[in-house]
Amino acid sequence: MSDTNEYKSAGNQFSKEEEKLWSVLVHAVAIVFEFFTPVLGFLLFRDKGPFIRHHVTESLNFGLTMVVFAIGLAISVVGWLVIWALPIYWTIFRVVAAYRASQGDFYRYPLTIRFVKN
């Protein structure tokens, strides 16, 4: 889909710039609304283009992984000592993902379980 006309001819597809914008927003807004934004983004935007599909899927997988990590840390004794680091971790990587999406990169979060495939 290298031709712009071919890219936009798919009907309800986003343009490349719209895909970048919404990808950045899904990552950035998820800093505040962790898990809810990725779920909503996945449901609304997964069929709008390959770039946005990649980013909403990655964001959803990261959100699900953070929920699993939070539960695991909350039920362990040692987890109570380090659970404070989880919001710092997800904030840093959400900012990195938003930046990389703004650059047009297909970013993959590190240490993320791939629950949902592209």
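To start, this report covers the structure provided alongside it. (Residues numbered from 1 in each chain as written. Predicted model: local features only at pLDDT ≥ 70, side-chain atom pairs only at ≥ 80, totals over all residues. Heavy atoms only, no water.)

## Details of unusual backbone geometry
Definition in use: Helix and strand definitions here come from DSSP, where helices need a minimum of 4 consecutive H or I residues and strands a minimum of 2 consecutive E residues; each element is numbered from the N-terminal end.
For Phe35, which is not glycine, the phi dihedral falls at a positive 75°. Within the secondary structure layout, Phe35 lies in the loop between α2 (16–29) and α3 (36–45). Backbone geometry at Leu111 places phi at a positive 55°, although glycine is not the residue there. With respect to the element layout, Leu111 can be found in the segment after α6 (85–102).

## Regarding the environment of Phe42
Using the following cut-off: Here's how the labels work: a residue is buried when its accessible area is under 20% of the maximum for its type, exposed when over 50%, partly exposed in between, all with a 1.4 Å probe on protein chains only. Only heavy atoms matter for contacts: two residues are in contact if any of them lie within 4.5 Å across the pair.
Relative to the assigned elements, Phe42 resides in helix α3. Given the relative accessible area of 11%, Phe42 is considered buried. When neighbours within four sequence positions are excluded, Phe42 is seen to be in contact with Val56, Thr57, Leu60 and Val116.

## Remarks on the packing of aromatic side chains
What counts, and what does not: Each pair of aromatic rings taken from Phe, Tyr and Trp, with Trp reduced to its six-membered ring, is defined by centres within 6.5 Å and is described as stacked if the planes are under 30 degrees apart, edge-to-face if over 60, and tilted in the remaining cases.
Within this structure, the stated rule accounts for eight aromatic pairs. With 5.0 Å between their ring centres and 85° between their planes, Phe51 and Phe106 make a pair best called edge-to-face. Of this pair, Phe51 sits in helix α4 (residues 50–74) while Phe106 sits in the segment after α6; the two residues are 55 residues apart in sequence, bridging distant segments of the chain. Between Tyr107 and Tyr109, the ring centres sit 5.5 Å apart and the planes meet at 75°, which makes this aromatic pair edge-to-face. With respect to burial, Tyr107 and Tyr109 carry one shared label: buried.

## Brief notes about the packing of α2 against α3
Definition in use: Only the stretch in contact is used when fitting a helix axis, every axis being a line fitted to C-alpha atoms; angles between N-to-C directions are given from 0 to 180 degrees. In this scheme, roughly parallel covers angles under 35 degrees and roughly antiparallel covers those over 145, while 65 to 115 is roughly perpendicular and the rest are oblique. Each helix crossing is assigned a hand: it is left-handed if the near helix lies turned anticlockwise from the far helix by less than a right angle, otherwise right-handed if that turn is clockwise. Amino acids outside the nonpolar list (Ala, Val, Leu, Ile, Met, Phe, Trp, Tyr, Cys, Pro) and the charged list (Asp, Glu, Lys, Arg) are all regarded as polar, and Gly is one of them.
Running from N to C, α2 and α3 point in directions that differ by 155°, and their axes come no closer than 8 Å. One element, α2, and the other, α3, form an angle in the roughly antiparallel class. Seen from above, α2 lies across α3 with right-handed handedness. Mapping the contact onto sequence places Trp22, Val26 and Val29 in α2 and Thr37, Gly41 and Phe45 in α3. Its residues placed into classes, the contact of α2 with α3 shows four nonpolar, two polar and no charged.

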